[in-house]
Amino acid sequence: MKVSDLARATDVTGETVRHYTREGLLHPQRDPDNGYQLYDADDLNRLRFIQRARTLGFSLREVREILEHADHGDSPCPMVRDLLAERLPEIQARIRELQALATRMEHALSSWRDMPDGTPDGHSLCRLIESLPMEGDDDFSRQSP
């Protein structure tokens, strides 16, 4: 199948297929008559695997390592478990940071509801933002969860 066929079968763009090919994740054959890259069922399965791995947050570098292990007959499963076990606490920390940011944003919008818009005057740029307490201020710590 051609790039467009593989893209359509996996609901990605042709550029995504080409990118994964350039990255060495897919291994098409060249049609000797026209030079087109031709993909087979193995490439279709690899691309579907890449999509699943990406939904778990694996980078292309990590996906490449996983595929290389598998291509050499080694089980990548222990590495996959270790990577996710390492990444999960990082993601959970990031979620807490984003929840704290969302709370600060909600407090800001609430406190700005009745504040007038101001025009920059050389002393002030945007009174809305300038009205917020600085990190470390007592008011700031009350806004963070």
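Parameters at a glance
- Residues numbered from 1 in each chain as written.
- Predicted model: local features only at pLDDT ≥ 70, side-chain atom pairs only at ≥ 80, totals over all residues.
- Heavy atoms only, no water.
- Core = buried A, V, L, I, M, F, W, Y, C linked by side-chain atoms within 4.5 Å.
- Buried < 20%, exposed > 50% of the residue type's maximum accessible area, 1.4 Å probe, protein only.
- Helix = DSSP H or I, 4+ residues; strand = E, 2+ residues; numbered from the N terminus.
- Contact = heavy atoms within 4.5 Å.
- Axes fitted to C-alpha atoms, helices over the stretch in contact; angles between N-to-C directions.
- Parallel < 35°, antiparallel > 145°, perpendicular 65-115°, else oblique.
- Left-handed = near helix turned anticlockwise from the far one by under 90°.
- Nonpolar A, V, L, I, M, F, W, Y, C, P; charged D, E, K, R; others polar.

Enquirer: Got a minute to help me understand the nonpolar core in this structure?
Expert: General note: in soluble globular proteins, nonpolar side chains tend to be found buried as a group. Core analysis: the biggest nonpolar cluster contains 19 residues, and L6, V17, Y20, L25, L26, I50 and V63 have the highest contact counts within it. Among the secondary structure elements, those contributing two or more residues to this core are α1 (3–10), α2 (14–22), α3 (41–55), α4 (60–71) and α5 (77–112). Excluding residues that lie within four positions of it along the chain, L26 makes contacts with L6, V17, Y20, T21, Y39, D43, R46, L47 and I50.

Enquirer: When you look at the packing of α1 against α3 in this model, what are you seeing that I'm missing?
Expert: When two helices pack together, their arrangement is given by the angle between their axes and by how far apart the axes lie. It is at 10 Å that the axes of α1 and α3 come closest, and there the two elements cross at 45°. When the axis of α1 is compared with that of α3, the two are oblique. The hand of the α1/α3 crossing is right-handed. On the side of α1, the interface is formed by L6, A9 and T10, while α3 contributes D43, L44, L47, R48 and Q51. Each residue belonging to the contact of α1 with α3 can be placed in one class, and the counts come to 4 nonpolar, 2 polar and 2 charged.

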